[in-house]
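Residues per chain are reported as follows:
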Amino acid sequence: MSSDNPNNASGPLDFVRQIVADDLGTGKYQGRVHTRFPPEPNGYLHIGHAKSICLNFGIAAENAGGLCNLRFDDTNPCKEEVEYVESIKQDVRWLGFDWADREYYASDYFDQLHEWAVRLIRKGKAYVCDLSADEIREYRGTLTQPGRNSPYRDRSIEENLDLFARMRAGEFPDGARTLRAKIDMAAANVNLRDPVMYRILHATHHRTGDKWCIYPMYDFTHGQSDSIERITHSICTLEFENHRPLYDWYIDALEIYHPRQIEFARLNLTYTVMSKRRLLELVQGGHVRGWDDPRMPTISGLRRRGYSPEAIRGFCSVVGVAKFNSTVDIQLLEHCLREELNRTSPRVMAVLRPLKLVIDNYPADLVEEMDAVNNPEDPSAGTRKIPFSRELWIEQDDFMEDPPKKYFRLGPGREVRLRYGYFVRCTDFVKDAANRVVEVHATYDPATRGGESPPDGRKVQGTIHWVSAAHARPAEARLYDHLFTVEDPGDVPEGGHFTDNLNPRSLEVVPRCWVEPSLAAARAGSRCQFERLGYFCVDPDSTPERLVFNRTATLKDTWAKIQKRT
RNA sequence: UGGGGAAUAGUGUAACGGCAGCACGACUGACUCUGGAUCAGUUAGUCGAGGUUCAAAUCCUCGUUCCCCAGCCA
């Protein structure tokens, strides 16, 4: 985890870390650094949350004695579920962060919040309002016109106290009344136009059950929750900048501890969507198989796809933190992925689209055990044995009946290296009735055992992968592409919908692949590189009889690039 | 025509009045038992107009463009 710790790099601090460092310098919080990651448990975490998680937990970890809480902002019982709480905890832990025993819930503060609401009523700073939701909107005015005072704004403190108590007691139906802060209906900042503090909601909360029928609004909860937890730096996204004056107002009116709020730009990525609303729609609309569909930008989706926590952390570190509303090229994510996977993934051979290769001069009953390097980037990963025999599977793409000059693979009369095997020269090929090549014949050179160059100094341009037909294990491969066909799926013409931009080819299932026998015992979640093809990861759907692999990412493919150009 | 933010290569991000740098991408080339990886190189930028200054991405003025805000969502 140290490699992606920005403080270990000699580079400059981002503006948030700079503020923290400055506050440390002036002793503003007596040397304390205390952050928090405050998700609402109403959906699964995505890569954008990972940026926030890395920022908050990262800053805590980089500063001596620093702490980061995990707090669920669960103030809306209608949308929140335990399933989400559990998934969020799992994802944060998987990303490599630890909140120790500091797992908090805004709902744990409901009593305190209620008491504070009463305090504001007593101070004449809050009132019970009988206006309907529509009327409140009407009274609020517009962005350019001031609002009007609610006719209930000047109720006596006693009446407000009584009404609020009866709201809590359940005497009124949902929406009948609200508790509002008495601030300024003419404020230029709309958030200050007597915002609702409490609403009536006869709903069962995932933690407090039926204890409450009134629930505090997020705005009346968040700042005080940070205050209760003695957070020093409340890091949040840009859209809450407009709310800061309101949080300040509550905290000042309540005369409680004041954290410092810092806003940064949320992460956007090309070729995907990041809003919870849209992700929910993809799930509920059946456009993907679930929150953890490997095409989803959710943490669980990325995990199932084969991303490692290190790769995600590295990405979060490299994208930086700023206030500019930006969209990061998804290729940068893929770069961080490959960088990590290249270092750590064991190499293995697998054939996705099999074509039979028969080595006519190789003994029919012979099986040789060839030595293969597990990871050229990591000598300590050692070597393994792979069986070689007369009949092999090779990739259909690795043979061309009439190959162009720059094609380095197999073609009539051409010689290639079978990786860790032998040099083979194509002597013949067989076609079926549909004119498709179904079998290739070749002869091997015994002097090239293990794939070594022969004594005559002969060289080959191409090296291809293979598996022994008699020893290979069947497998299914799921190949993924971007979920959307355009960089910004949200950019749709009038009347259009972001799902119009869904990529119909984002998933390709290749059902009949062959993988080398060493993969037989591979467990769900384990990662490897199929040589020349890409990084793959065993899917939870996998069984010993039928292995299932997700393609995490392709290898960079210069040949594909050359082909694309012509 | 309200308020709050933000603008630096294609993308993301540094430079805190003193040589505009890094990463990704793209493009060359070298090397290679993965057309992988690696290495070397090329490409390309301060939103605009004024001003202050020996010196401005940075400070000032006036513009332009983009984002957020009118939930009893968070």
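Just so it is clear, the structure is predicted and the values come from calculations on it, not from any experiment.

Draft legend 1. Structural detail: the protein's contact with RNA strand B. Taken together, 68 residues surround RNA strand B, and among them R347, R417, G450, Q529 and R532 come closest. In the interface set of RNA strand B, defined as its atoms within 4 Å of the protein, sugar plus phosphate atoms amount to 64%. Here a base nitrogen of RNA strand B sits 3.1 Å away from a polar atom, N or O, in the main chain of L143. Residue assignment for the surface near RNA strand B shows that the elements contributing at least two residues are α5 (133–140), β6 (196–200), α12 (330–344) and α13 (558–565). If one sorts the elements of the surface near RNA strand B by residue count, α13 sits on top with 5 residues.

Draft legend 2. Spatial organisation of the sheet that holds strand β7 (residues 214–216). Spatially, the 4 strands line up as an open sheet ordered β4-β5-β6-β7, and their pairing is antiparallel. Two strands in the sheet have a free side with no partner beyond their single neighbour: β4 (126–129) and β7. Taking each pair of neighbouring strands and ignoring which way they run, the sheet shows an average axis angle of 20 degrees. Two strands pair when backbone bridges link them, and strand β5 (residues 178–181) and β6 are joined in this way by 3 bridges, in the antiparallel orientation. Each residue of the ladder has a partner; that of R180, found in β6, is V196. Its contacts with the sheet put helix α4 (residues 110–122) on β4, β5, β6 and β7, and the angle it makes with β6 is roughly 115 degrees.

Draft legend 3. Summary view of the environment of K123. The residue K123 is located in the loop between α4 and β4 in this model. Setting aside residues up to four positions removed in sequence, K123 forms contacts with A253 and E255. A polar contact of 2.5 Å, which involves the side chain of K123, links it to the backbone oxygen of A253.

Draft legend 4. Summary view of the sheet that holds strand β20 (residues 466–468). Spatial strand order, β19-β16-β17-β18-β12-β15-β20: 7 strands in an open sheet with mixed pairing. In the strand order of this sheet, the two ends are held by β19 (463–464) and β20, each with one partner. Taken together, the 3 bridges between strand β15 (residues 391–395) and β20 define a ladder with antiparallel strand orientation. Paired with W393 across the bridge in β20 is V467.

Draft legend 5. Region of the structure containing the packing of aromatic side chains. Counted under the stated rule, the structure contains 25 aromatic pairs. With centroids separated by 5.0 Å and ring planes inclined at 65 degrees, the aromatic side chains of F530 and F549 adopt a geometry described as edge-to-face. Taken together, the residues F530 in strand β23 (residues 527–530) and F549 in strand β25 (residues 547–554) connect sequence positions 19 residues apart. Pairwise contacts between aromatic rings join F164, Y198, F220, W249 and Y250 into one cluster. Across from the ring centre of Y257, 4.3 Å away, lies the NZ or CZ of R230, which sits over that ring. Directly above the aromatic system of F498 lies the positively charged group of R278, at a separation of 5.3 Å from the ring centroid.

Draft legend 6. Expanded view of the nonpolar core. If you look at the biggest cluster of nonpolar residues, it comprises 37 residues, and the most contacted ones within it are I47, I53, F57, V92, L269, I312 and F315. Elements represented by at least two residues in this core include exactly α2 (47–62), β2 (67–72), α3 (82–94), α10 (299–305), α11 (309–319) and α12. Counting residues per element, this core draws most heavily on α2, at 6 residues. Residues within four places of F57 in sequence aside, it is in contact with F37, C68, N69, V92, F97, D98 and W99. Among the nonpolar cores identified, the runner-up in size contains 33 residues, and L120, L192, I200 and A253 belong to it.

Draft legend 7. Up close: α2. When the terminal C-alpha atoms of α2 are compared, their 21 Å separation across 16 residues agrees well with the 22 Å that a helix rising 1.5 Å per residue should span. Judged by how many residues are buried, α2 sits mostly within the fold: 15 of 16 residues are covered.

Calculation rules
Residues numbered from 1 in each chain as written. Chains lettered and ligands numbered in written order. Predicted model: local features only at pLDDT ≥ 70, side-chain atom pairs only at ≥ 80, totals over all residues. Heavy atoms only, no water. Near = heavy atom within 4 Å. Polar contact = N/O pair within 3.5 Å; in protein donor to acceptor, adjacent residues only side chain to side chain. Helix = DSSP H or I, 4+ residues; strand = E, 2+ residues; numbered from the N terminus. Pairing = 2+ DSSP bridges. Axes fitted to C-alpha atoms, helices over the stretch in contact; angles between N-to-C directions. Contact = heavy atoms within 4.5 Å. Phe/Tyr/Trp six-rings, centres within 6.5 Å; stacked < 30°, edge-to-face > 60°. Lys NZ or Arg CZ within 6 Å of the ring centre and 35° of its normal. Core = buried A, V, L, I, M, F, W, Y, C linked by side-chain atoms within 4.5 Å. Buried < 20%, exposed > 50% of the residue type's maximum accessible area, 1.4 Å probe, protein only. Expected span 1.5 Å × (residues − 1).

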